[in-house]
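# Topology and contacts: notes
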Amino acid sequence: MQNETREKLLQVKNLEVTFGSKRKPFVAVKGVSFDIYKGETFGLVGESGSGKTTIGRAIIRINPTSAGEIIFKGEKINGKISHELDKRVTQQIQMIFQDPMASLNERAKVDYIVSEGLMNVQKHLTKEEREAKVSKALSDVGLLPEFASRFPHEFSGGQRQRIGIARSLIMEPEFIIADEPISALDVSIRAQVLNLLSSLQKERGLTYLFIAHDLSVMRFITDRIAVIHKGVIVELAETEKLFAHPLHPYTRALLSAIPMPDPISEKQKVLEVYDPTCHDYSVDKPQWSEIEEGHFIMANEKELAEYRDRLKN
Amino acid sequence: MEQEVILSVKDLNVKFSLRGQVLHAIRGISLDIYKGESLAIVGESGSGKSVFTKNFIGLLDKNGWVDSGEIWYNGMDLAKFKTEKEWTKIRGKEVAMVMQDPMTSLNPLKTIGWQIEEALKLHQGLMGEAAKQRAIEIIDDVGIPEPERRYKQYPHEFSGGMRQRVVIAIAMACNPKILICDEPTTALDVTIQAQILNLIRELQKKYQLTSIYITHDLGVVANVADRIAVMYAGDIVEIGTCNEVFYAPQHPYTWALLSSLPQLGIKGEDLYSIKGTPPNLFNKVRGDAFAPRNPHALKIDFLHRPPYFEVSPTHKARTWLLDPRSPKVEPPEHIKNIRNIRANMDQKEGGAQ
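Report follows, based on the coordinates.

Reading the values: rules and limits
- Residues numbered from 1 in each chain as written.
- Chains lettered and ligands numbered in written order.
- Predicted model: local features only at pLDDT ≥ 70, side-chain atom pairs only at ≥ 80, totals over all residues.
- Heavy atoms only, no water.
- Helix = DSSP H or I, 4+ residues; strand = E, 2+ residues; numbered from the N terminus.
- Contact = heavy atoms within 4.5 Å.
- Areas by Shrake-Rupley, 256 points an atom, 1.4 Å probe, with all protein chains shown as cover.
- Axes fitted to C-alpha atoms, helices over the stretch in contact; angles between N-to-C directions.
- Parallel < 35°, antiparallel > 145°, perpendicular 65-115°, else oblique.
- Left-handed = near helix turned anticlockwise from the far one by under 90°.
- Nonpolar A, V, L, I, M, F, W, Y, C, P; charged D, E, K, R; others polar.
- Core = buried A, V, L, I, M, F, W, Y, C linked by side-chain atoms within 4.5 Å.
- Buried < 20%, exposed > 50% of the residue type's maximum accessible area, 1.4 Å probe, protein only.
- Buried area = accessible area lost by both parts, 1.4 Å probe.
- Salt bridge = Lys/Arg side-chain N within 4 Å of Asp/Glu carboxyl O.
- Polar contact = N/O pair within 3.5 Å; in protein donor to acceptor, adjacent residues only side chain to side chain.
- Pairing = 2+ DSSP bridges.
- Phe/Tyr/Trp six-rings, centres within 6.5 Å; stacked < 30°, edge-to-face > 60°.
- Patch = residues over 30% accessible without salt bridge, like charges linked within 9 Å, V, L, I, M, F, W, Y side chains within 5 Å.
- Lys, Arg positive; Asp, Glu negative; His and termini not counted.
- Charge placed at Lys NZ, Arg CZ, Asp CG, Glu CD.

It is worth spelling out the overall build of chain A at this point. Check the secondary structure of chain A and you find twelve helices and twelve strands. By its C-alpha atoms, chain A is 65 × 55 × 45 Å across when sized along the principal axes. Relative to all contacts within chain A whose residues are 6 or more apart in sequence, the contacts with residues 24 or more apart total 63%. Just so you have it, chain A exposes about 14,100 Å², and 51% of that area is on carbon and sulfur atoms.

Next up, the structure:
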């Protein structure tokens, strides 16, 4: 209900991404559709190789798409677009990468790393203005402005990830794709980075696409979650709904694998394992259907009936 | 119940020399490891958890040395070992290690079979067909399907989880008594992580292994550990059985580690995060190393290093808060009801299936 009135910032429609040559194509993402509303945190969960990063990279125009549409603020941004729109998209959509040890240029100073994007988009800036922006961005993420003259190797993992966040913030984006921003970090640093991301969201009304494989983190930070398996989104729902009523067997397997800090129940836990052969799609083809308000699932008619039964109880 | 001690560490001090300075990485740890148990060592990066266990297989970096202390295993003091020849008797055969990243700990140019056989040849003198048969048995043992076909494949033909199984297979090849797993699942997906932990647990039961897990994530070890040692700045600050550490943690650092788990976070509120950074071990640490970051720190924490206070025969913690003279400090509210966290969570949502 409430979703109807909210502005859709990003729409992905039947997205397909293909790698490899024409003769031997590999479809990494097929038929993926979802909307991201302004100001929300949308989570994309899946195993490695499921295509979650590919979707993120397709949105930010790193991976070319082979079919479907990506619509950002009412404009199509995949495929061939005008130079002027490309520039706007570059500024408004930013990405935070997974491994802070690998994603910063080791030979550049923090000042350059953070302001590189600005140099391309706002060419008219004077040196002073640029430096002011860099120190503002650094202090926004809780780093000292003096750090601008240092090299990445002088920082710890958590600080490096903050530099990664600063360099995306300096572009004043509306939409940030965070690709496993905390999986390479220690537990205590994780908490700091998560807190930073959510306070930035509150201050600036940012919209996040949060990509991760760890559902326990997702539950804490996201509003809605899409579960992706082998390039296909199998279930999409509001976070709490998904945790309360996981329907698709793959979602259930993922949920059962979350480690909990409770030894007694953890030692009795039975792991659910997802076996893709449990679906019989030979005759009855699966479809992307809305099973209840805002809860989508990939299933065929027979499964839908079962899932509806389960929801009633 | 009297348990047999398999490895005993007595007041171990390890130092490193770095750029002319001396870093005191392990500051006087004493620890008994019992036969057949699984011990988890938990701490932030830089707390010395890896360095501590590397002493058991002689893999300390060249610039590090055991300054004082003893490591007793099978009547031998491992801390006195100097030459590679001495270490080969222990390494692999008695104590084996599974490293963190399965992508980098295998040789990409050799087949999986060759890499497992290498260990068999070196330690058990198996050759030719016998070695091959044994290698295939081991591959089967760690739950890799089609062992005969897999035997001939190269590491790049395996997924991350399967590679970690291969690494475990190599570690298990010589029937070690102690298996050290250094962050065995951090590089893996959640579902695969659960499978690998299950595998290690099964192997442990089957071969009466003693296993040591090293991890920074307390959430992971609830499932696998019998005992948990929490390390901070080169020292064990709290040790107890799994239930004791999770349900009745005593040290403020353990509280902080538990509180920062996203599983316990409340949506919309900030997650607890530990302020500041761990102490610089180049300098001499005075008092309790955690005191500067500890919101409950007492004056004495900055002056004198706390001794171990015994909570129960199996549970002790290094904090002045346990001294009868200190004020009573309650652990944070939300970590008190860790028990049944999953059940409580489901109730809040109106009952999940």
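Moving on, we come to the packing of helix H3 (residues 112-124) of chain B against helix H4 (residues 128-141) of chain B. Residue and element names in this part refer to chain B. Packing of H3 against H4 leaves a shortest axis separation of 9 Å and a crossing angle of 110 degrees. The angle between H3 and H4 places the two elements in the roughly perpendicular class. With respect to the hand of their crossing, H3 and H4 are arranged in right-handed fashion. Between H3 and H4, the contacting residues are Ile112, Ile116, Glu117 and Leu120 on the first element and Ala131, Lys132, Arg134, Ala135, Ile138 and Ile139 on the second. By residue class, the composition of the contact of H3 with H4 is seven nonpolar, no polar and three charged.

Residues and elements named next belong to chain B. Counting residues in hydrophobic clusters, the biggest one holds 105 residues, and the most contacted among them are Leu7, Phe52, Phe56 and Ile228. It is helix H6 (residues 160-172) that contributes the most residues to this core, seven residues altogether. Once residues lying within four places of it in the same chain are set aside, the contact partners of phenylalanine 52 are Val9, Leu12, Ile26, Ile29, Leu31, Ile41 and Met231.

Topologically, aspartate 214 of chain A is positioned in the loop between strand E8 (207-212) and helix H8 (215-221). Along the primary structure aspartate 214 of chain A and glutamate 40 of chain A are separated by 174 residues, whereas in three dimensions their C-alpha atoms are 19 Å apart. When residues no more than four places from it in sequence are discounted, the contact partners of aspartate 214 of chain A are Arg190 of chain A together with Val190 of chain B.

Turning our eyes to something else, we now look at the interface of chain B and chain A. It is common to give the size of an interface as the accessible area lost on bringing the parts into contact. Between chain B and chain A, the contact holds 48 residues from the first and 46 residues from the second. Summed over both partners, the interface of chain B with chain A buries about 4,100 Å², with 54% contributed by carbon and sulfur atoms. As a salt-bridge pair, arginine 190 of chain A and aspartate 217 of chain B come within 3.8 Å of each other at their nearest N and O atoms. Here chain B is connected to chain A by six residue pairs in polar contact (both at pLDDT 80 or more). Of all the secondary-structure elements, those providing two or more residues to the side of chain B that touches chain A are helix H7 (190-207), helix H8 (218-221), helix H9 (242-247) and helix H12 (341-348) of chain B.

All names here are of chain A. If you walk through the whole model with that rule in mind, you get 31 salt bridges over all chains. Among the salt bridges present, the one from arginine 6 reaches glutamate 40, with a minimum N-O distance of 3.9 Å. One end of the pair, arginine 6, is in the loop between helix H1 (2-5) and strand E1 (8-19); the other, glutamate 40, is in the loop between strand E2 (26-37) and strand E3 (41-45), with 34 residues separating them in the sequence. A salt bridge links glutamate 131 to lysine 127; the shortest N-O distance between them is 3.7 Å. With glutamate 131 and lysine 127 both in helix H5 (residues 127-140), this residue pair falls four residues apart, about one helical turn. Judged by relative accessible area, lysine 127 falls into the exposed class, the value being 52%. One continuous salt-bridge network, built from bridges that share partners, spans Arg6, Glu40 and Arg224.

What follows deals with the sheet that holds strand E1 (residues 5-18) of chain B. Residue and element names in this part refer to chain B. The strand order across the open sheet built from four strands is E2-E1-E4-E5, with neighbouring strands paired in antiparallel fashion. Of all strands in the sheet, those with a lone pairing partner are strand E2 (21-34) and strand E5 (76-77), marking the two edges. Here strand E4 (residues 64-73) pairs with E5 via two bridges, running antiparallel. Counterpart to tryptophan 72 in the pairing with E5 is aspartate 77.

Here we come to the packing of aromatic side chains. Scanning the model with the defined rule gives eleven aromatic pairs over all chains in all. Pairing phenylalanine 34 of chain A with phenylalanine 42 of chain A gives two aromatic rings, centres 4.9 Å apart and planes at 15 degrees, and the pair type is stacked. As far as burial versus exposure is concerned, phenylalanine 34 of chain A and phenylalanine 42 of chain A are alike and both buried. Between tyrosine 253 of chain B and phenylalanine 290 of chain B the ring centres are 5.0 Å apart and the planes differ by 70 degrees, which places this aromatic pair in the edge-to-face class. You can see tyrosine 253 of chain B sitting in helix H10 (residues 252-259) and its partner phenylalanine 290 of chain B sitting in the loop between H10 and strand E11 (309-312), a full 37 residues away along the chain. Each member of the pair, tyrosine 253 of chain B as well as phenylalanine 290 of chain B, is classed as buried.

Residues and elements named next belong to chain A. Judged by pairing direction, the sheet is antiparallel, and its four strands sit side by side in the order E2-E1-E4-E5 without closing on themselves. The open sheet has two free edges, formed respectively by E2 and strand E5 (75-76), since each of these has just one partner strand. Relative to strand E4 (residues 67-72), E1 runs antiparallel, the two being bridged by five bridges. Bridge pairing in E4 links valine 12 to isoleucine 70.

Residues and elements named next belong to chain A. A cluster of like negative charges, contributed by Asp223, Glu238, Glu290 and Glu293, occupies part of the molecular surface. Inspection of the secondary structure assignment puts glutamate 290 in strand E11 (residues 287-292). According to the relative accessible area criterion, glutamate 290 is partly exposed, its value standing at 43%.

Residue and element names in this part refer to chain A. Along strand E9 (residues 224-229), six of the six residues are buried, which leaves the element largely enclosed by surrounding structure. The alternating pattern of E9 places Arg224, Ala226 and Ile228 and Ile225, Val227 and His229 on opposite faces, both of which are buried. Where E3 and E9 come together, four bridges link them in parallel fashion. Residue phenylalanine 42 lies in a different strand from E9, and its bridge partner there is arginine 224.

On to the packing of helix H4 (residues 110-121) of chain A against helix H6 (residues 157-169) of chain A. Residue and element names in this part refer to chain A. The contact between H4 and H6 brings their axes to 7 Å, and the two run at 35 degrees. Here the hand of the crossing between H4 and H6 comes out right-handed. Contact residues: H4 offers Val110, Ile113 and Val114, while H6 offers Ile163, Ala166 and Arg167. For the contact of H4 with H6, the per-class residue count stands at five nonpolar, no polar and one charged.

The next thing to look at is the environment of alanine 58 of chain A. Residues and elements named next belong to chain A. As for its position among the elements, alanine 58 is in helix H2 (residues 52-59). On the accessibility criterion, alanine 58 (3% relative accessible area) is buried. Expressed as a C-alpha distance, the spacing of alanine 58 and aspartate 309, which sit 251 residues apart in the sequence, is 37 Å. Dropping the residues within four chain positions of it, alanine 58 is found in contact with Leu15, Val17, Asn63, Thr65 and Ile70.

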